[in-house]
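Residue strings, one per chain:
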Amino acid sequence: MASAAPPKVPGTALLELMQGQQLGSDQQGVKDSVKQYYTDLTSSKDLLTSACTTCKAPSPDVRAMLKDVPAEIVDRYYGCGTPLPMGITGLRVLDLGCGTGRDCYVAARMVGPNGFVTGVDMTPDQLAVARQYMEQYNTQVLGYPKPNMRFVQGHIEKLDGVEDGSQDLIISNCVINLSPDKAAVLSEAWRVLAPGGEVYFSDIYCDRRLPAEVRTHPVLLGECLGGALYTNDFLRLARQTGFMDPRSLESEEVIITDPALKDLVGNARFYSTTYRLFKLPGRLEDLCEEYGQVAVYKGTLPGHKHGYALDDHHFFVTNKPMLVCGNTAAMVEETWLAPHFQVVGDRSVHYGAFDCGPSPAASGAPAASKASAAGGCC
Ligand SMILES: C[S@@+](CC[C@H](N)C(=O)[O-])C[C@H]1O[C@@H](n2cnc3c(N)ncnc32)[C@H](O)[C@@H]1O
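Cut-offs and rules
Residues numbered from 1 in each chain as written. Predicted model: local features only at pLDDT ≥ 70, side-chain atom pairs only at ≥ 80, totals over all residues. Heavy atoms only, no water. Helix = DSSP H or I, 4+ residues; strand = E, 2+ residues; numbered from the N terminus. Buried < 20%, exposed > 50% of the residue type's maximum accessible area, 1.4 Å probe, protein only. Contact = heavy atoms within 4.5 Å. Areas by Shrake-Rupley, 256 points an atom, 1.4 Å probe, with all protein chains shown as cover. Salt bridge = Lys/Arg side-chain N within 4 Å of Asp/Glu carboxyl O. Pairing = 2+ DSSP bridges. Arc of directions from axis to C-beta. Phe/Tyr/Trp six-rings, centres within 6.5 Å; stacked < 30°, edge-to-face > 60°. Near = heavy atom within 4 Å. Polar contact = N/O pair within 3.5 Å; in protein donor to acceptor, adjacent residues only side chain to side chain. Nonpolar A, V, L, I, M, F, W, Y, C, P; charged D, E, K, R; others polar. Axes fitted to C-alpha atoms, helices over the stretch in contact; angles between N-to-C directions.

Quick rundown of the overall build of the chain? Include the residues and the values.
A count of helices and strands for the chain gives 13 helices and 15 strands. Looking at the chain residue by residue over its 378 residues, the buried ones come to 56%. By sequence separation, contacts in the chain at least 24 residues apart represent 79% of the contacts at least 6 residues apart. Here the chain has roughly 15,800 Å² of accessible surface; of this, 54% comes from carbon and sulfur atoms.

Dropping the structure here:
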(Lines give C-alpha, C1' and ligand atoms only; values in the text may rest on other atoms or scores of the structure.)
Protein backbone atom coordinates (compact mmCIF):
# COMPACT_ATOMS: atom_id res chain seq x y z
CA MET A 1 0.00 0.00 0.00
CA ALA A 2 1.35 3.42 -0.93
CA SER A 3 2.19 5.53 2.10
CA ALA A 4 -0.24 8.38 2.72
CA ALA A 5 0.91 11.90 1.84
CA PRO A 6 1.99 13.85 4.92
CA PRO A 7 -0.88 15.89 6.33
CA LYS A 8 -0.98 19.56 5.39
CA VAL A 9 -0.10 21.59 8.44
CA PRO A 10 -0.92 25.27 8.87
CA GLY A 11 1.87 27.26 7.32
CA THR A 12 2.57 24.78 4.52
CA ALA A 13 1.19 27.26 1.99
CA LEU A 14 3.49 29.94 3.36
CA LEU A 15 6.45 27.59 3.10
CA GLU A 16 5.53 26.83 -0.52
CA LEU A 17 5.36 30.54 -1.20
CA MET A 18 8.78 31.18 0.29
CA GLN A 19 10.20 28.35 -1.80
CA GLY A 20 8.65 29.64 -5.01
CA GLN A 21 6.14 26.78 -5.14
CA GLN A 22 2.88 28.61 -4.49
CA LEU A 23 1.55 27.69 -7.93
CA GLY A 24 3.04 24.20 -7.84
CA SER A 25 6.41 22.90 -8.97
CA ASP A 26 5.84 23.26 -12.73
CA GLN A 27 7.01 26.86 -13.03
CA GLN A 28 7.46 26.71 -16.78
CA GLY A 29 3.96 25.24 -17.16
CA VAL A 30 2.46 28.16 -15.22
CA LYS A 31 4.34 30.67 -17.35
CA ASP A 32 3.35 28.95 -20.60
CA SER A 33 -0.28 28.97 -19.52
CA VAL A 34 -0.15 32.68 -18.62
CA LYS A 35 1.72 33.56 -21.80
CA GLN A 36 -0.89 31.77 -23.91
CA TYR A 37 -3.68 33.58 -22.04
CA TYR A 38 -2.21 36.99 -22.83
CA THR A 39 -1.30 36.04 -26.37
CA ASP A 40 -4.94 35.13 -27.04
CA LEU A 41 -6.42 38.31 -25.58
CA THR A 42 -7.05 41.07 -28.08
CA SER A 43 -8.88 43.53 -25.84
CA SER A 44 -9.81 43.99 -22.19
CA LYS A 45 -13.36 43.12 -23.25
CA ASP A 46 -12.21 39.49 -23.62
CA LEU A 47 -11.65 39.17 -19.88
CA LEU A 48 -14.15 37.23 -17.77
CA THR A 49 -13.81 39.16 -14.50
CA SER A 50 -13.04 42.70 -13.43
CA ALA A 51 -9.78 41.58 -11.81
CA CYS A 52 -7.54 42.68 -14.68
CA THR A 53 -9.26 45.98 -15.37
CA THR A 54 -9.27 48.91 -13.00
CA CYS A 55 -12.50 49.55 -11.18
CA LYS A 56 -11.54 53.00 -9.91
CA ALA A 57 -10.96 55.74 -12.48
CA PRO A 58 -7.45 57.21 -12.63
CA SER A 59 -6.89 60.74 -11.32
CA PRO A 60 -7.82 63.65 -13.64
CA ASP A 61 -4.11 64.25 -14.36
CA VAL A 62 -3.54 60.66 -15.46
CA ARG A 63 -6.79 60.67 -17.45
CA ALA A 64 -5.56 63.72 -19.35
CA MET A 65 -2.25 62.00 -20.13
CA LEU A 66 -4.04 58.85 -21.29
CA LYS A 67 -5.77 60.86 -24.03
CA ASP A 68 -2.46 60.98 -25.90
CA VAL A 69 -1.68 57.27 -25.56
CA PRO A 70 -2.43 55.33 -28.77
CA ALA A 71 -5.91 53.78 -28.73
CA GLU A 72 -4.75 50.21 -29.30
CA ILE A 73 -2.55 50.40 -26.23
CA VAL A 74 -5.30 51.78 -24.04
CA ASP A 75 -7.66 49.13 -25.37
CA ARG A 76 -5.25 46.33 -24.49
CA TYR A 77 -4.70 47.43 -20.94
CA TYR A 78 -5.20 44.67 -18.38
CA GLY A 79 -4.24 46.37 -15.12
CA CYS A 80 -6.06 46.50 -11.80
CA GLY A 81 -5.03 49.92 -10.51
CA THR A 82 -3.16 53.06 -11.43
CA PRO A 83 0.36 52.69 -10.08
CA LEU A 84 1.44 56.01 -11.55
CA PRO A 85 2.45 58.48 -8.83
CA MET A 86 2.64 62.13 -9.81
CA GLY A 87 5.87 64.08 -9.37
CA ILE A 88 8.39 61.55 -10.69
CA THR A 89 10.28 63.86 -13.05
CA GLY A 90 13.75 62.59 -13.88
CA LEU A 91 13.32 59.16 -12.27
CA ARG A 92 14.37 55.81 -13.70
CA VAL A 93 11.22 53.70 -13.80
CA LEU A 94 10.88 49.96 -14.34
CA ASP A 95 7.49 48.40 -15.14
CA LEU A 96 7.29 44.70 -14.23
CA GLY A 97 4.97 42.92 -16.68
CA CYS A 98 4.28 45.99 -18.79
CA GLY A 99 2.00 44.19 -21.26
CA THR A 100 1.28 46.49 -24.19
CA GLY A 101 2.73 49.34 -22.17
CA ARG A 102 -0.08 51.67 -21.17
CA ASP A 103 1.55 52.62 -17.88
CA CYS A 104 4.98 52.98 -19.53
CA TYR A 105 3.57 55.46 -22.05
CA VAL A 106 2.11 57.59 -19.25
CA ALA A 107 5.26 57.23 -17.13
CA ALA A 108 7.41 58.31 -20.11
CA ARG A 109 5.56 61.62 -20.09
CA MET A 110 5.70 61.92 -16.29
CA VAL A 111 9.48 61.40 -16.01
CA GLY A 112 10.23 63.83 -18.83
CA PRO A 113 13.12 63.64 -21.31
CA ASN A 114 15.71 63.24 -18.55
CA GLY A 115 14.02 60.25 -16.97
CA PHE A 116 13.79 56.78 -18.45
CA VAL A 117 11.19 54.00 -18.48
CA THR A 118 11.90 50.31 -19.02
CA GLY A 119 9.05 47.87 -19.55
CA VAL A 120 9.70 44.15 -19.05
CA ASP A 121 7.30 41.43 -20.18
CA MET A 122 7.62 37.78 -21.18
CA THR A 123 4.92 37.76 -23.89
CA PRO A 124 6.24 38.74 -27.35
CA ASP A 125 2.80 39.66 -28.74
CA GLN A 126 2.24 42.16 -25.95
CA LEU A 127 5.66 43.73 -26.49
CA ALA A 128 5.14 43.96 -30.25
CA VAL A 129 2.15 46.25 -29.68
CA ALA A 130 4.05 48.26 -27.05
CA ARG A 131 6.97 48.86 -29.42
CA GLN A 132 4.85 49.69 -32.43
CA TYR A 133 3.96 53.23 -31.34
CA MET A 134 6.97 54.05 -29.18
CA GLU A 135 9.08 56.09 -31.58
CA GLN A 136 6.21 58.18 -32.90
CA TYR A 137 4.77 58.79 -29.43
CA ASN A 138 8.09 59.90 -27.97
CA THR A 139 9.19 62.18 -30.76
CA GLN A 140 5.90 63.49 -32.16
CA VAL A 141 3.50 63.47 -29.20
CA LEU A 142 5.95 64.17 -26.38
CA GLY A 143 8.43 66.07 -28.56
CA TYR A 144 11.49 64.39 -27.03
CA PRO A 145 14.73 64.35 -29.07
CA LYS A 146 14.92 60.58 -28.61
CA PRO A 147 12.74 57.91 -26.96
CA ASN A 148 13.03 57.77 -23.18
CA MET A 149 11.56 54.30 -23.00
CA ARG A 150 12.36 50.75 -24.03
CA PHE A 151 10.58 47.42 -23.93
CA VAL A 152 12.49 44.28 -23.02
CA GLN A 153 11.41 40.67 -23.25
CA GLY A 154 12.21 38.96 -19.98
CA HIS A 155 11.05 37.37 -16.77
CA ILE A 156 10.35 39.40 -13.69
CA GLU A 157 11.81 36.66 -11.48
CA LYS A 158 15.23 37.26 -13.04
CA LEU A 159 15.77 40.73 -14.40
CA ASP A 160 18.71 39.98 -16.65
CA GLY A 161 20.40 43.10 -17.89
CA VAL A 162 18.97 45.34 -15.17
CA GLU A 163 21.88 46.47 -13.01
CA ASP A 164 21.88 46.41 -9.21
CA GLY A 165 20.59 49.67 -7.76
CA SER A 166 19.80 51.10 -11.19
CA GLN A 167 16.10 51.99 -10.72
CA ASP A 168 14.38 54.67 -8.64
CA LEU A 169 10.81 53.48 -8.99
CA ILE A 170 9.34 50.11 -9.87
CA ILE A 171 5.74 50.01 -10.98
CA SER A 172 3.65 46.97 -11.80
CA ASN A 173 0.00 46.50 -12.62
CA CYS A 174 -1.74 43.20 -12.02
CA VAL A 175 1.25 40.98 -12.74
CA ILE A 176 2.96 39.61 -9.64
CA ASN A 177 -0.04 37.38 -8.89
CA LEU A 178 0.75 35.62 -12.18
CA SER A 179 4.28 34.72 -11.18
CA PRO A 180 4.99 31.21 -9.94
CA ASP A 181 7.88 32.55 -7.82
CA LYS A 182 6.82 35.70 -6.02
CA ALA A 183 9.73 35.54 -3.58
CA ALA A 184 12.12 35.83 -6.54
CA VAL A 185 10.16 38.78 -7.97
CA LEU A 186 10.44 40.74 -4.73
CA SER A 187 14.14 39.85 -4.33
CA GLU A 188 14.86 41.08 -7.83
CA ALA A 189 12.92 44.28 -7.16
CA TRP A 190 15.03 44.84 -4.04
CA ARG A 191 18.23 44.17 -5.99
CA VAL A 192 17.59 46.56 -8.87
CA LEU A 193 16.20 49.42 -6.75
CA ALA A 194 18.56 52.15 -5.65
CA PRO A 195 18.53 52.86 -1.89
CA GLY A 196 15.54 55.11 -1.24
CA GLY A 197 13.75 53.56 -4.21
CA GLU A 198 10.20 52.36 -4.16
CA VAL A 199 7.97 49.63 -5.55
CA TYR A 200 4.57 51.26 -6.17
CA PHE A 201 2.27 48.61 -7.56
CA SER A 202 -1.25 47.30 -7.88
CA ASP A 203 -2.10 43.62 -7.67
CA ILE A 204 -4.81 41.18 -6.64
CA TYR A 205 -4.88 39.76 -3.13
CA CYS A 206 -7.14 37.31 -1.39
CA ASP A 207 -8.59 37.15 2.11
CA ARG A 208 -7.35 33.55 2.51
CA ARG A 209 -4.90 30.98 1.18
CA LEU A 210 -6.44 29.40 -1.88
CA PRO A 211 -6.65 25.63 -2.39
CA ALA A 212 -4.45 24.04 -5.05
CA GLU A 213 -7.30 23.48 -7.53
CA VAL A 214 -8.03 27.23 -7.57
CA ARG A 215 -4.36 28.23 -7.73
CA THR A 216 -3.67 26.04 -10.75
CA HIS A 217 -6.91 26.58 -12.69
CA PRO A 218 -5.75 28.08 -16.03
CA VAL A 219 -8.63 30.56 -16.39
CA LEU A 220 -8.51 31.70 -12.76
CA LEU A 221 -4.77 32.03 -13.08
CA GLY A 222 -5.00 34.03 -16.31
CA GLU A 223 -7.71 36.25 -14.82
CA CYS A 224 -5.30 37.19 -12.00
CA LEU A 225 -7.28 35.36 -9.31
CA GLY A 226 -5.73 31.89 -8.97
CA GLY A 227 -2.27 33.24 -8.15
CA ALA A 228 -3.51 35.92 -5.77
CA LEU A 229 -1.65 35.86 -2.49
CA TYR A 230 -3.32 35.82 0.88
CA THR A 231 -2.74 39.38 2.08
CA ASN A 232 -0.89 38.43 5.26
CA ASP A 233 1.41 36.08 3.35
CA PHE A 234 2.28 38.90 0.97
CA LEU A 235 3.11 41.14 3.94
CA ARG A 236 5.31 38.42 5.44
CA LEU A 237 7.10 37.90 2.14
CA ALA A 238 7.68 41.62 1.65
CA ARG A 239 9.17 41.99 5.14
CA GLN A 240 11.34 38.93 4.67
CA THR A 241 12.72 40.48 1.46
CA GLY A 242 13.70 43.66 3.31
CA PHE A 243 10.64 45.82 2.64
CA MET A 244 10.00 46.07 6.39
CA ASP A 245 6.96 48.30 6.40
CA PRO A 246 4.64 47.69 3.41
CA ARG A 247 2.05 50.42 3.09
CA SER A 248 -1.35 49.91 1.51
CA LEU A 249 -2.58 52.95 -0.41
CA GLU A 250 -5.98 51.88 -1.69
CA SER A 251 -7.98 48.70 -2.08
CA GLU A 252 -11.13 47.67 -3.86
CA GLU A 253 -13.03 44.39 -4.01
CA VAL A 254 -12.97 42.47 -7.29
CA ILE A 255 -16.40 41.45 -8.52
CA ILE A 256 -16.69 38.01 -10.09
CA THR A 257 -19.89 37.69 -12.09
CA ASP A 258 -19.20 34.53 -14.10
CA PRO A 259 -21.21 31.82 -12.24
CA ALA A 260 -18.75 29.00 -12.94
CA LEU A 261 -15.76 31.01 -11.70
CA LYS A 262 -17.75 32.21 -8.72
CA ASP A 263 -18.50 28.63 -7.80
CA LEU A 264 -14.85 27.65 -8.13
CA VAL A 265 -13.59 30.31 -5.72
CA GLY A 266 -16.36 29.71 -3.16
CA ASN A 267 -16.22 32.12 -0.22
CA ALA A 268 -12.84 33.60 -1.08
CA ARG A 269 -12.89 37.37 -1.60
CA PHE A 270 -10.43 39.18 -3.79
CA TYR A 271 -9.15 42.73 -3.65
CA SER A 272 -7.20 44.93 -5.99
CA THR A 273 -4.74 46.75 -3.76
CA THR A 274 -2.04 49.30 -4.41
CA TYR A 275 0.97 48.88 -2.16
CA ARG A 276 4.08 50.93 -1.57
CA LEU A 277 7.30 49.17 -0.61
CA PHE A 278 10.27 51.39 0.20
CA LYS A 279 13.84 50.18 -0.04
CA LEU A 280 15.40 51.85 2.97
CA PRO A 281 18.01 49.38 4.23
CA GLY A 282 18.50 49.65 7.99
CA ARG A 283 16.03 52.54 8.24
CA LEU A 284 12.67 50.80 8.59
CA GLU A 285 11.73 49.02 11.79
CA ASP A 286 9.28 46.15 12.13
CA LEU A 287 7.10 48.21 14.47
CA CYS A 288 6.37 51.90 14.72
CA GLU A 289 8.67 53.79 17.05
CA GLU A 290 8.43 57.38 18.18
CA TYR A 291 11.35 59.79 18.00
CA GLY A 292 9.34 63.00 18.22
CA GLN A 293 9.71 63.67 14.50
CA VAL A 294 7.29 65.95 12.71
CA ALA A 295 6.71 65.96 8.95
CA VAL A 296 5.23 68.77 6.89
CA TYR A 297 4.01 68.29 3.33
CA LYS A 298 4.75 71.36 1.21
CA GLY A 299 1.88 70.98 -1.26
CA THR A 300 4.32 70.75 -4.16
CA LEU A 301 3.50 67.41 -5.76
CA PRO A 302 1.52 67.92 -8.98
CA GLY A 303 -2.13 67.03 -8.46
CA HIS A 304 -1.74 67.14 -4.66
CA LYS A 305 -1.92 70.83 -3.87
CA HIS A 306 -3.98 70.57 -0.70
CA GLY A 307 -2.72 67.34 0.76
CA TYR A 308 -1.02 64.04 0.10
CA ALA A 309 -1.96 60.46 0.98
CA LEU A 310 1.22 58.53 1.66
CA ASP A 311 -0.96 55.50 2.34
CA ASP A 312 -4.47 54.69 3.52
CA HIS A 313 -3.78 55.97 7.02
CA HIS A 314 -1.43 58.92 6.53
CA PHE A 315 -2.99 61.94 4.88
CA PHE A 316 -0.75 64.98 5.12
CA VAL A 317 -2.67 68.25 4.95
CA THR A 318 -0.53 70.81 3.13
CA ASN A 319 1.62 72.84 5.52
CA LYS A 320 0.14 71.15 8.59
CA PRO A 321 2.80 69.58 10.85
CA MET A 322 2.10 65.94 11.69
CA LEU A 323 3.80 63.78 14.30
CA VAL A 324 5.14 60.68 12.55
CA CYS A 325 6.93 57.49 13.48
CA GLY A 326 10.55 56.91 12.44
CA ASN A 327 9.50 54.76 9.49
CA THR A 328 7.17 57.37 8.03
CA ALA A 329 9.80 60.06 8.54
CA ALA A 330 12.29 57.98 6.53
CA MET A 331 9.74 57.33 3.78
CA VAL A 332 9.17 61.02 3.15
CA GLU A 333 12.70 62.25 3.90
CA GLU A 334 14.96 59.65 2.28
CA THR A 335 13.13 58.81 -0.95
CA TRP A 336 12.00 60.57 -4.13
CA LEU A 337 9.39 62.32 -1.94
CA ALA A 338 12.08 64.26 -0.06
CA PRO A 339 11.83 67.59 -1.98
CA HIS A 340 8.14 67.75 -1.07
CA PHE A 341 8.45 67.28 2.70
CA GLN A 342 10.21 68.89 5.57
CA VAL A 343 11.01 66.63 8.51
CA VAL A 344 11.96 68.16 11.83
CA GLY A 345 13.87 65.99 14.28
CA ASP A 346 15.96 62.86 14.05
CA ARG A 347 16.20 59.53 15.83
CA SER A 348 18.59 60.61 18.56
CA VAL A 349 15.97 60.32 21.32
CA HIS A 350 13.48 57.46 21.51
CA TYR A 351 10.14 58.15 23.17
CA GLY A 352 8.76 54.62 23.05
CA ALA A 353 6.27 52.88 20.80
CA PHE A 354 4.39 55.11 18.39
CA ASP A 355 0.67 55.41 19.02
CA CYS A 356 -0.57 53.26 16.20
CA GLY A 357 -4.06 54.73 15.85
CA PRO A 358 -4.66 56.59 12.60
CA SER A 359 -3.71 60.22 13.05
CA PRO A 360 -6.58 62.75 13.21
CA ALA A 361 -5.35 64.21 9.94
CA ALA A 362 -5.86 60.83 8.31
CA SER A 363 -9.63 61.12 8.61
CA GLY A 364 -9.81 62.78 5.22
CA ALA A 365 -7.77 60.01 3.63
CA PRO A 366 -9.12 57.22 1.43
CA ALA A 367 -11.09 54.61 3.36
CA ALA A 368 -9.02 51.90 4.99
CA SER A 369 -8.78 48.69 3.03
CA LYS A 370 -11.75 46.38 3.22
CA ALA A 371 -9.24 43.55 3.02
CA SER A 372 -7.51 44.67 6.20
CA ALA A 373 -4.60 45.04 3.85
CA ALA A 374 -2.89 47.80 5.76
CA GLY A 375 0.57 46.56 6.44
CA GLY A 376 1.83 49.80 7.84
CA CYS A 377 3.15 50.38 11.26
CA CYS A 378 0.39 52.66 12.39
C1 LIG B 1 -2.73 41.25 -16.46
S2 LIG B 1 -1.50 41.63 -17.67
C3 LIG B 1 -1.06 43.27 -17.19
C4 LIG B 1 -0.29 43.99 -18.24
C5 LIG B 1 0.00 45.46 -17.95
N6 LIG B 1 0.69 45.63 -16.69
C7 LIG B 1 -1.25 46.29 -17.99
O8 LIG B 1 -1.58 46.92 -16.97
O9 LIG B 1 -1.90 46.32 -19.02
C10 LIG B 1 -0.14 40.65 -17.13
C11 LIG B 1 1.13 40.76 -17.96
O12 LIG B 1 2.20 40.20 -17.20
C13 LIG B 1 3.01 39.43 -18.05
N14 LIG B 1 3.67 38.42 -17.19
C15 LIG B 1 3.06 37.51 -16.42
N16 LIG B 1 3.95 36.79 -15.74
C17 LIG B 1 5.17 37.26 -16.09
C18 LIG B 1 6.50 36.91 -15.72
N19 LIG B 1 6.72 35.95 -14.86
N20 LIG B 1 7.53 37.60 -16.27
C21 LIG B 1 7.28 38.60 -17.17
N22 LIG B 1 6.04 38.96 -17.56
C23 LIG B 1 5.00 38.31 -17.03
C24 LIG B 1 2.07 38.86 -19.08
O25 LIG B 1 2.75 38.53 -20.25
C26 LIG B 1 1.09 40.01 -19.28
O27 LIG B 1 1.49 40.87 -20.30
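Tell me about the pattern of salt bridges, residues and numbers included.
Under the defined criterion, the tally for this structure stands at 17 salt bridges. In this structure, the salt-bridge partner of Asp168 is Arg92, at a minimum N-O distance of 2.8 Å. Of this pair, Asp168 sits in strand β4 (residues 167-173) while Arg92 sits in strand β1 (residues 92-96), placing them 76 residues apart in sequence. Between Arg236 and Asp233 there is a salt bridge, with the nearest N and O atoms lying 2.9 Å from each other. Here Arg236 and its partner Asp233 are both found in helix α11 (residues 231-241), three residues apart, which amounts to about one turn of the helix. Its relative accessible area of 38% is what places Arg236 among the partly exposed residues. Residue Asp233 is classed as buried on the basis of its relative accessible area, which comes to 3%.

Talk me through the pairing of strand β8 (residues 270-278); I want residue IDs and the actual numbers.
Counting buried residues along β8, nine of its nine residues qualify, which places the element largely inside the surrounding structure. Residues of β8 alternate between two faces, with Phe270, Ser272, Thr274, Arg276 and Phe278 on one and Tyr271, Thr273, Tyr275 and Leu277 on the opposite face, all of them buried. Inspection of the sheet shows strand β5 (residues 193-206) paired to β8 by nine bridges, in the antiparallel sense. Counted as the bridge partner of Val199 is Leu277 from β8. As defined by bridge partners, strand β7 (residues 247-253) adjoins β8 across six bridges and the pair is classed as antiparallel. Note on β8: the bridge partner recorded for Glu253 is Tyr271.

How would you explain helix α6 (residues 124-132) if you had to name every residue and give the values?
Those residues of α6 not exposed but buried are Gln126, Leu127, Val129 and Ala130. Viewed along the axis of α6, the buried residues span an arc of 160°, placing them on a single side of the element. On its buried face, α6 is in contact with α2 (27-40), α4 (71-75), α5 (102-111), β2 (116-121), α7 (134-141) and β3 (149-153).

Now, about the packing of aromatic side chains: what can you tell me, with residues and values included?
This model, assessed by the stated rule, comprises 14 aromatic pairs. Both rings, one in Tyr38 and one in Tyr78, keep their centres 5.7 Å apart while their planes meet at 55°; by these two values the pair is tilted. In this pair, Tyr38 sits in helix α2 while Tyr78 sits in the loop between α4 and β1, placing the two residues 40 residues apart along the sequence. Neither residue differs from the other here; Tyr38 and Tyr78 are each classed as buried. Look at Tyr308 and Phe341: their rings are 6.1 Å apart centre to centre, the planes differ by 70°, and that puts the pair in the edge-to-face class. With Tyr308 in strand β11 (residues 307-311) and Phe341 in strand β14 (residues 341-344), this pair connects stretches of sequence that are 33 residues apart.

Please give an account of the site of the ligand that cites residues and values.
What surrounds the ligand is a group of 23 residues, the closest being Tyr78, Gly97, Asp121, Thr123 and Glu157. Here an oxygen atom of the ligand and a side-chain polar atom of Gln126 are 3.2 Å apart. In this structure, a nitrogen atom belonging to the ligand sits 3.2 Å away from a main-chain N or O atom of Ile156. Relative to its unbound accessible surface of 590 Å², the ligand loses 99% to contact with the protein. With three residues, the top contributor of residues to the shell around the ligand is α2. Class assignment of the residues belonging to the shell around the ligand gives a composition of 12 nonpolar, eight polar and three charged.

Give me the lowdown on the pairing of strand β12 (residues 314-317), citing residues and values where you can.
The side chains of a regular strand alternate, first on one face of the sheet and then on the other. Here β11 runs beside β12; their pairing, made up of four bridges, is antiparallel. Pairing of Asp311 across the sheet is with His314, part of β12. In this antiparallel pair of consecutive strands, β11 and β12, the connection spans two residues.

Tell me about the sheet that holds strand β13 (residues 322-324), and name the residues and values.
Taken in spatial order, the three strands make up an open sheet running β13-β10-β14, and their pairing is antiparallel. What marks the edges here is a single partner per strand, and that holds for β13 and β14. Averaged over all pairs of adjacent strands, the angle between strand axes in this sheet comes to 35°, irrespective of strand direction. Judged from the four bridges that link them, strand β10 (residues 293-297) and β14 form a sheet pairing that is antiparallel. From the neighbouring strand, Tyr297 faces β14, where its bridge partner is Phe341. The sheet contacts of helix α13 (residues 326-333) involve β10, β13 and β14, and relative to β14 the element is tilted by about 140°.

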